[in-house]
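Structural features, examined
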Amino acid sequence: MWTKLSAATVPEVERFDWFNDVISHSLMPLVLASERSADFQADAAALDLGAVQVSSFAYSHVRSRRTPALIRRGDPEQYQLSLLTRGRMWFTQCGAEAELAPGDMILWDTSHPFEADCHPGRGTLGALVVQLPRTALPLRAGRIDPLLGRRIGAESGMAAILAQFLTSLGTHGSACSPEELKRLGTVAVELSAAVLAQRVDAYRELPAEARARALRERIDAFIEHHLGDPELTPALIAAAHGISVRRLYLLFRDGAESVSATVRRLRLERCRADLARPELAARPVHDIAARWCFGNAAAFSRAFREAYGISPTAFRRAAAQAGPPGGAYDGP
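Description of the structure in this document. (Residues numbered from 1 in each chain as written. Predicted model: local features only at pLDDT ≥ 70, side-chain atom pairs only at ≥ 80, totals over all residues. Heavy atoms only, no water.)

1. Observations regarding the pattern of salt bridges
Throughout the structure, instances matching the rule amount to 17 salt bridges. For aspartate 39, the salt bridge identified is with arginine 36, shortest N-O distance 2.8 Å. A residue is classified by how much of its surface remains accessible, and aspartate 39, at 32% relative accessible area, is partly exposed. Each member of the salt-bridge network shares a partner with another, and the members are Asp274, Arg277, Glu279 and Arg291. (Salt bridge = Lys/Arg side-chain N within 4 Å of Asp/Glu carboxyl O. Buried < 20%, exposed > 50% of the residue type's maximum accessible area, 1.4 Å probe, protein only.)

Below, the structure written as structure tokens:
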């Protein structure tokens with residue numbers, strides 16, 4: 001579960017000092033300054049994933065420096081990978097310099113000095129930070145150091161999958177059990193390692209299990225993105241990822257369902273979500289089914305009833321009586 005803290009619980013004149021303490025204890029000691037120290041705003045939250053910790057921050061303007069003296073005072077010996085979700089940031093470490101916008105990532109090492117200047121614009125800057133012990137990354141020491149202080153774009157590929165994963169932790173992490181969070185910690189390490197290794201042409205140095213998990217994450221994201229494509233078959237999925245169909249089946253072998261069953265379930269979930277949307281109330285059920293590649297209305301109705309214990313029409317009626325769904329579909 002997320003452990004949350006807010007400057008709103010602290011007297012206004014103490015909020016900036018409070019935030020300084022939060023950063024020093026949750027990340028590492030830093031020298032902080034702010035143009036908004038008199039009316040500082042900040043919220044922080046942490047999610048313990050066992051091997052790693054993910055932290056969420058929202059705060060007013062801050063300039064930060066990590067000096068050699070502060071490193072000697074306290075060093076968690078971590079790589080920290082941050083995803084900027086709101087505002088802009090300038091960052092420099094080890095001679096590299098980067099300007100970041102929302103959706104960008106940046107990697108730093110707590111054992112080296114750095115400087116940063118955060119510009120939230122209106123409101124507060126938002127960031128998610130993954131704290132990765134250097135010993136947890138399945139790469140030899142120093143292999144990813146060329147990435148320190150450099151912008152990592154998350155517009156596509158593995159970086160986009162990692163960004164989506166981190167964002168989803170913010171939404172759904174509190175609902176996970178301790179054992180699930182531990183497994184998610186393994187996923188966080190392996191996804192982070194895959195993103196960083198690709199950037200320094202070291203992907204094949206990752207353990208086979210880590211590469212397989214990263215490939216599975218890419219395939220899952222590809223399936224989600226192409227659910228409306230009637231040509232989405234195991235052969236297409238395998239070809240899009242440069243693997244054989246047999247290799248694709250093996251990736252799904254240890255899971256709860258096959259690749260075809262996964263596609264079918266996700267399409268049913270999209271149908272269920274659409275049937276609950278008030279703005280689609282006038283669209284016939286068979287049109288919604290066809291949108292998600294169920295061409296036979298009778299077969300779709302049977303599949304929906306088997307999955308959810310209710311017919312599509314009855315589900316739509318019950319959803320309308322219950323009122324607006326209040327968000328994206330999150331399970332049966």
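Structure shown, so let's carry the discussion forward.
2. Remarks on the environment of glycine 185
One can find glycine 185 in helix H4 (residues 178–199). Separated by 157 residues in sequence, glycine 185 and methionine 28 place their C-alpha atoms 20 Å apart. Residue contacts for glycine 185: discarding those within four places in its chain leaves Leu49 and Val52. (Helix = DSSP H or I, 4+ residues; strand = E, 2+ residues; numbered from the N terminus. Contact = heavy atoms within 4.5 Å.)

3. Some details on the pairing of strand E5 (residues 62–66)
Only one face of E5 is covered, namely the face carrying Val62, Ser64 and Arg66; the face carrying Arg63 and Arg65 is uncovered. Strand direction decides the pairing type here: strand E2 (residues 31–33) and E5, joined by 3 bridges, are antiparallel. In the strand pairing of E5, leucine 32 is matched with serine 64. Of the pairings in the sheet, the one linking E5 to strand E10 (residues 114–119) comprises 5 bridges and is antiparallel in character. Along E10, the bridge assignment pairs arginine 66 with phenylalanine 114. (Pairing = 2+ DSSP bridges.)

4. Digging into the sheet that holds strand E6 (residues 78–86)
With antiparallel pairing, the 7 strands of this open sheet are ordered in space as E1-E3-E4-E11-E6-E9-E12. Because the sheet does not close on itself, it has two edges, and the strands there are strand E1 (3–6) and strand E12 (151–153). Averaged over all neighbouring strand pairs, the angle between strand axes comes to 20 degrees, with direction disregarded. Where E6 meets strand E11 (residues 125–133), 8 bridges bridge the pair, whose relative direction is antiparallel. Residue pairing for E11: leucine 81 is matched across the bridge by valine 130. Together, E1, strand E3 (42–48), strand E4 (53–59) and E11 form the strand contacts of helix H1 (residues 15–26), whose direction differs from that of E4 by roughly 160 degrees. Of the strands in this sheet, E3, E6, strand E9 (104–109), E11 and E12 are in contact with H4, which crosses E12 at around 105 degrees. (Axes fitted to C-alpha atoms, helices over the stretch in contact; angles between N-to-C directions.)

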